[in-house]
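Now for the letters of each chain:
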Amino acid sequence: MTSRQQPKLKLYYFNIVGKGEPIRLLCAYAGLELEDYHFASRQEFQDLKANGKLAFGQVPLLEVDDGAHQLVQSTAILRYLAKLGGLYPRDDDILAAKIDAALAQEADAFTGPTVATYTTRFGICLEGDALQQSKELIAKEVIPRHLDALEQLLNSSSTGWIAGTDQPSPADFVWYVRLALWLPETQLPFQKEILSFQGYPKIKAFVDKFASLEAIKRYYADKKKE
Ligand SMILES: N[C@@H](CCC(=O)N[C@@H](CS)C(=O)NCC(=O)O)C(=O)O
């Protein structure tokens, strides 16, 4: 898509992977021009919040056409961008529901790790042994259970993409970032077999296939030069 055809897009987020990276990667893959704005400080984010620009007080925020629209919630943003870029079906409700389910499943899978990492944000008072015990349960039981389910899903995909789409869908961008970029950085006590997807050949193939996409390789090569 050329810049003349597409709305003007500006992403506001921190200079971290988090919820911003799937958005950046989807734009890179779909050829959507995106201004990737990083807050210079936490105060700048707090100011944006105080100005009422963030519907739920959270980022990422995608500003469309110089403030004509302010979109929040990363999965809503991803679906919007994927529609612009031809990566989300507009006339196949069943396929769309499968993509949505894979997106929702990612959120379910990573609720535990997210809460255990950012306890106070969620009003959870776990600490000490109780927190450690939770982290171990998440790393040894919860995430492996979700990976088993993802492995099954990929096993039934004829394309190697999670929802069986011909091209990567928003679900693939979200899962890739979680599996390949977020998981290895967490402080949860994962066994090294999990982090290298041993016993999950389809997940390993998915991660490798995604990382080998020309647009994704180019995106990271360009980033290195910055
Ligand atoms: N479900 C939301 C979660 C967004 C979220 O948790 N954003 C964090 C940053 S990664 C945030 O804005 N936190 C508010 C804060 O730090 O005060 C999404 O997917 O966009």
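Residues numbered from 1 in each chain as written. Predicted model: local features only at pLDDT ≥ 70, side-chain atom pairs only at ≥ 80, totals over all residues. Heavy atoms only, no water.

The protein carries the name S-transferase A2 in an unreviewed UniProt entry, which gives Seminavis robusta as its organism.

Colleague: Sorry, what's going on with the UniProt feature "domain: GST N-terminal" (unreviewed entry) in the protein here?
Modeller: The feature "domain: GST N-terminal" (unreviewed entry), as annotated in UniProt, sits at residues 7–89 in this numbering. Secondary structure across residues 7–89 comprises 36% helix and 20% strand; the distance between its end C-alpha atoms is 19 Å. (UniProt positions renumbered as here; feature names shortened; annotations may be inferred. Helix = DSSP H or I, 4+ residues; strand = E, 2+ residues; numbered from the N terminus.)

Colleague: What exactly am I supposed to notice about the UniProt feature "domain: GST C-terminal" (unreviewed entry) in the protein here?
Modeller: The UniProt entry lists residues 92–226 under the feature "domain: GST C-terminal" (unreviewed entry), expressed in the numbering used here. Overall, residues 92–226 shows 68% helix and 0% strand. The separation of its end C-alpha atoms is 40 Å.

Colleague: Help me understand the site of the ligand in this model?
Modeller: If you check the shell around the ligand, you find Tyr-13, Lys-19, Arg-42, Phe-45, Lys-49, Gly-57, Gln-58, Val-59, Pro-60, Gln-73, Ser-74 and Arg-121 and nothing else. One of the side-chain nitrogen or oxygen atoms of Arg-42 is found 3.0 Å away from an oxygen atom of the ligand. A distance of 2.7 Å separates a nitrogen atom of the ligand from a polar side-chain atom of Gln-73. In isolation the ligand exposes 510 Å². Once the protein is present, 81% of that is buried. For the shell around the ligand, the element with the highest residue contribution is helix α2 (residues 42–50), accounting for three residues. (Near = heavy atom within 4 Å. Polar contact = N/O pair within 3.5 Å; in protein donor to acceptor, adjacent residues only side chain to side chain. Areas by Shrake-Rupley, 256 points an atom, 1.4 Å probe, with all protein chains shown as cover.)

Colleague: I'm lost on the pattern of salt bridges in this one. Help?
Modeller: Should the charged atoms of two oppositely charged side chains come close, the side chains can pair. Counting across every chain of the model gives 11 salt bridges. For Arg-79, the salt bridge goes to Asp-100, with nearest N and O atoms at 2.9 Å. Remark: Asp-100 occurs in helix α4 (residues 93–109) and Arg-79 occurs in helix α3 (residues 74–84); sequence separation between them is 21 residues. For Arg-79, a relative accessible area of 22% gives the class partly exposed. Classification of Asp-100 as partly exposed rests on a relative accessible area of 28%. Of the charged contacts, one joins Lys-217 and Glu-214 as a salt bridge, the two residues approaching to 3.2 Å between their closest N and O atoms. With Lys-217 and Glu-214 both in helix α10 (residues 214–225) and three residues apart, the pair spans about one turn of that helix. (Salt bridge = Lys/Arg side-chain N within 4 Å of Asp/Glu carboxyl O. Buried < 20%, exposed > 50% of the residue type's maximum accessible area, 1.4 Å probe, protein only.)

Colleague: What exactly am I supposed to notice about the nonpolar core here?
Modeller: Looking at soluble globular proteins, one finds that nonpolar side chains tend to be buried together. By size, the foremost hydrophobic cluster in this structure holds 65 residues, and its most contacted members are Leu-81, Trp-175, Leu-179, Ile-203 and Phe-206. For this core, the element with the most residues is helix α7 (residues 170–182), which contributes eight residues. Look past the residues within four positions of Trp-175 in its chain and what remains in contact with it is Ala-102, Gln-105, Glu-106, Ala-109, Phe-110, Leu-150, Ile-162 and Phe-206. (Core = buried A, V, L, I, M, F, W, Y, C linked by side-chain atoms within 4.5 Å. Contact = heavy atoms within 4.5 Å.)

Colleague: Would you explain the sheet that holds strand β2 (residues 35–38) in this entry?
Modeller: Each strand in a sheet pairs with its neighbour through backbone hydrogen bonds, running either in the same direction (parallel) or in the opposite one (antiparallel). Ordered by their spatial adjacency, four strands build an open sheet running β2-β1-β3-β4, and the pairing between neighbours is mixed. Two strands lie at the open edges of the sheet, namely β2 and β4 (69–72), each paired on one side alone. Averaged over neighbouring strand pairs, the angle between their axes works out to 25 degrees when direction is ignored. Examined bridge by bridge, strand β1 (residues 9–13) and β2 share four bridges and lie parallel to one another. Looking at β2, one finds that Tyr-13 is bridged to His-38. (Pairing = 2+ DSSP bridges. Axes fitted to C-alpha atoms, helices over the stretch in contact; angles between N-to-C directions.)

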